[in-house]
Every structure is written in structure tokens, then in C-alpha cells.
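Now for the letters of each chain:
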Amino acid sequence: MRTARPRHYLMCRPTYFDVVYSINPWMDPGKPVDTALAVAQWEQLRQTYLELGHTVDLIDPVDGLPDMVFAANGATIIDGRALVARFRDAERVAEGPAYRDWLHTNGFTNPTTAEVVNEGEGDYLLVGDLLLAGTGFRSDPRSHDEAQEFFGRPVIGLTLVDPNFYHLDTALTVLDDETIAYYPAAFSPGSQAVLKRLFPDALIATADDARVFGLNATSDGLNVVLPQGAIALAEQLRTRGFRTVGLDLSELLKAGGSVKCCTLELRPAL
Ligand code: ARG
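Parameters and conventions
Per chain, residues are indexed from 1 in the order of the written sequence. In keeping with the predicted nature of the model, local features appear solely for residues at pLDDT of at least 70, side-chain atom pairs appear and are counted solely at 80 or more, and the whole-chain, interface and lining totals rest on all residues. The side-chain figures draw on all heavy atoms in the structure; neither hydrogens nor water molecules are used. Each helix is a run of H or I in the DSSP string that is no shorter than four residues. Each strand is a run of E no shorter than two, and both are numbered from the N terminus. This radius of gyration counts C-alpha atoms alone. The globule rule is 2.2 Å times how many residues there are, raised to the power 0.38. Buried, partly exposed and exposed residues are distinguished by accessible area as a fraction of the type maximum, computed with a 1.4 Å probe on protein chains only: under 20%, between the cut-offs, and over 50%, respectively. Nearness of a residue to a molecule or strand requires only that one of the residue's heavy atoms be within 4 Å of it. N or O atoms closer than or at 3.5 Å make up a polar contact, with two conditions inside protein: a donor-capable atom paired with an acceptor-capable one, and, for residues adjacent in sequence, both atoms drawn from side chains. Areas reported here follow the Shrake-Rupley algorithm with a probe of radius 1.4 Å; residue values treat only the protein chains shown as occluding. In what follows, residue pairs with any heavy atoms lying within 4.5 Å of each other are defined as contacts. Stacked, tilted and edge-to-face pairs are distinguished by plane angle, under 30 degrees for stacked and over 60 for edge-to-face with tilted covering the rest, among Phe, Tyr and Trp rings (Trp via its six-membered ring) whose centres lie within 6.5 Å. Only when the NZ atom of a Lys or the CZ atom of an Arg is both within 6 Å of the ring centre and within 35 degrees of the ring normal do we say a charge sits over the ring.

**Q** Any chance you could break down the overall build of the protein for me, citing the residues and the numbers?
**A** Summing up its helical and strand segments, the protein has seven helices and 15 strands in all. Taken over C-alpha atoms, the radius of gyration comes to 17 Å for the protein, in line with the 18 Å a tight globule of 270 residues would show. Over its C-alpha atoms, taken along the principal directions, the protein stretches across nearly 45 × 40 × 35 Å. For the protein, the residues scored as buried account for 56% of the 270 residues in total.

Here it is as C-alpha cells:
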């Protein structure tokens, strides 16, 4: 029996969304972006969360920060303690303080900006008591030690090797306190072995699932919200007792983001 636990999410409306620079292989500034469509698709995601009974807070989008819609990157928040992102790329650096200010004004005591590059929940995913941490493209491997000290949780470092899956949340998703799904080829051989050892029952995504960003999903323990193109993964999830909600976030994929990227979980103090 799977049970849903209501979540508290932070999202950012893509009012100023665009692709005007390229910091991952999905971004082609030469391709037109339909910002109104991006907003409509994002509204579907927000609506889905509300219908599932989750709480969704909103941070004001900032003109000139076209990637700010990807709220997952803003911080990692566990037990009400926020480790705020330090972005790798100059184009996104100003998002860090914007997220820090929001957290500060909204009851999170002393949000702390990471010392080294750390792209928040893009690279940090909590599974039960373990914090899985990606590196290879964005978050500095030294940020793993920093996060372990900050949260007092064991951090498991994982190395990403395929530039198409540049954040951990593009290659791995957390389904409940002990279950994950991932795309093995996105990880180094050693990291694949670690995942196999820790999660022998994990769902394994296909290359087709991964290519449509099927792993960029969120789960409340029962309901999994994921890109609608991830057909095989959705089927596997239902076989394992999860309910699936497939959404079209094609405009946001032009920047290399989807469901999870747009969602930052605000985990309350115990
Ligand atoms: N264009 C953004 C970037 O490359 C996309 C971020 C996607 N976010 C995520 N959590 N994977 O930084």
C-alpha cells in the first residue's frame, strides 16, 4: 500500500522565461520560445499540485533571470534549514540571493548561501535519511562535504557523465523514502555500482524515458507527476503501485528543465 504525504512546494511563474544563453545542451538561443505557452504549461503543473492537496508558495519572478522558473535550483531545505544555491554560471548567479531573501522573509531562519558551487535540489535529492548529491557538471564535489556538515545527514556523492543529464534531478527521481528511479548511463561506472548497492529495487528508466526528461519528476509517495512522454517509465510506475500524472512541459524543456526543476520542496522543521 502506497500513501501520499502532502508536500509544501515553492514555484516561480515563468513570466520572464526565455532561452537567450546556453549553459546546457538543451538550450538553443536560436530557437523561438513561446513564453505564454510556457506559463500555461507551468500553470498546469501548479494546478496539478493543488489538486493533489499540496501547498504551493510562489516567489516573484525577476525580469532578466529567464531560468528563475527552475525553483529546484534555488536551495536545499531539510528540517526547515536552508542551504542556498551558489550557481556555476554568471547568468544565474543573481537567483541565489533572490531565493535567499524569499526564504528569509518566509520563516526560514538564517538561510545560508553555500561556499562553493551548489545548485540546490537540482543536484541534491533526499531519500529517507540519505542525501544523494550529484556532481560532474554543476555542483562542486566539495559542496557534498559542505552539505553533509550543514544538514548532518550522510551525503552520497554521485558523478554524472552525460552532459544532457547535467543535474542529478535529470537522471534520478525519488519516489518514496526508499524507492528511486534512475537512468544508469547518466552515471559513472562507480556511481552506477553505488546506486545498485543502495537501491537494488530501483526502477530503471530507458534511454527514451530519459530523453524526454521522464526522471525530472516529483512524487508524494503515491502520485508521481512526470513529463507525459515518459511512456515506459509511467507504465513501470503503475505496475509498482504508483499513480501517474503526465504533463506537457515542452516549452520549459527548451531550457533543459521540466517538472522537478520547477519545484523546490520546503521541508519544515521537525
Ligand atoms: N536552464 C537551466 C540551467 O541550465 C535549467 C535548470 C534545470 N533545473 C534542474 N533542476 N535540473 O541551469
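**Q** Describe the site of the ligand, with residues and values.
**A** Within the structure, the ligand sits among 17 residues, and Asn24, Arg92, His167, Asp169 and Cys261 are positioned closest to it. A distance of 2.7 Å is found between an oxygen atom of the ligand and a side-chain nitrogen or oxygen belonging to asparagine 24. Contact between the ligand and asparagine 73: a nitrogen atom at 2.9 Å from a side-chain N or O atom of the residue. In isolation the ligand offers 350 Å² of accessible surface; the protein chains occlude 100% of this area.

**Q** Any details on the side chain of glutamate 251? Residues and values, ideally.
**A** Mapped onto the elements, glutamate 251 comes out in helix α7 (residues 250-253). Of the polar contacts made by the side chain of glutamate 251, one reaches the backbone nitrogen of aspartate 34; its length is 3.0 Å. Each residue touching glutamate 251, except ones within four places of it in the same chain, is listed here: Phe17, Val33, Asp34, Leu37, Ala38 and Gln41.

**Q** So what about the packing of aromatic side chains? Which residues, and what values?
**A** Considering all chains together, one arrives at six aromatic pairs under this definition. Seen from their ring centres, phenylalanine 17 and phenylalanine 70 are 6.3 Å apart, and the 85° between their planes marks the pair as edge-to-face. You can see phenylalanine 17 sitting in the loop between β1 (8-11) and α1 (35-51) and its partner phenylalanine 70 sitting in the loop between β2 (55-58) and β3 (75-78), a full 53 residues away along the chain. Exposure remark for phenylalanine 70: the relative accessible area of 3% places this residue in the buried category. Arranged with centres 4.9 Å apart and planes meeting at 90°, the rings of phenylalanine 150 and phenylalanine 151 form a pair that is edge-to-face. We classify phenylalanine 151 as buried; its relative accessible area is 10%. Above the face of the phenylalanine 242 ring, arginine 2 is positioned so that its terminal group lies 3.9 Å from the ring centre. For the cation-ring pair, arginine 81 lies above phenylalanine 150, with the distance from its terminal atom to the ring centre recorded as 4.0 Å.

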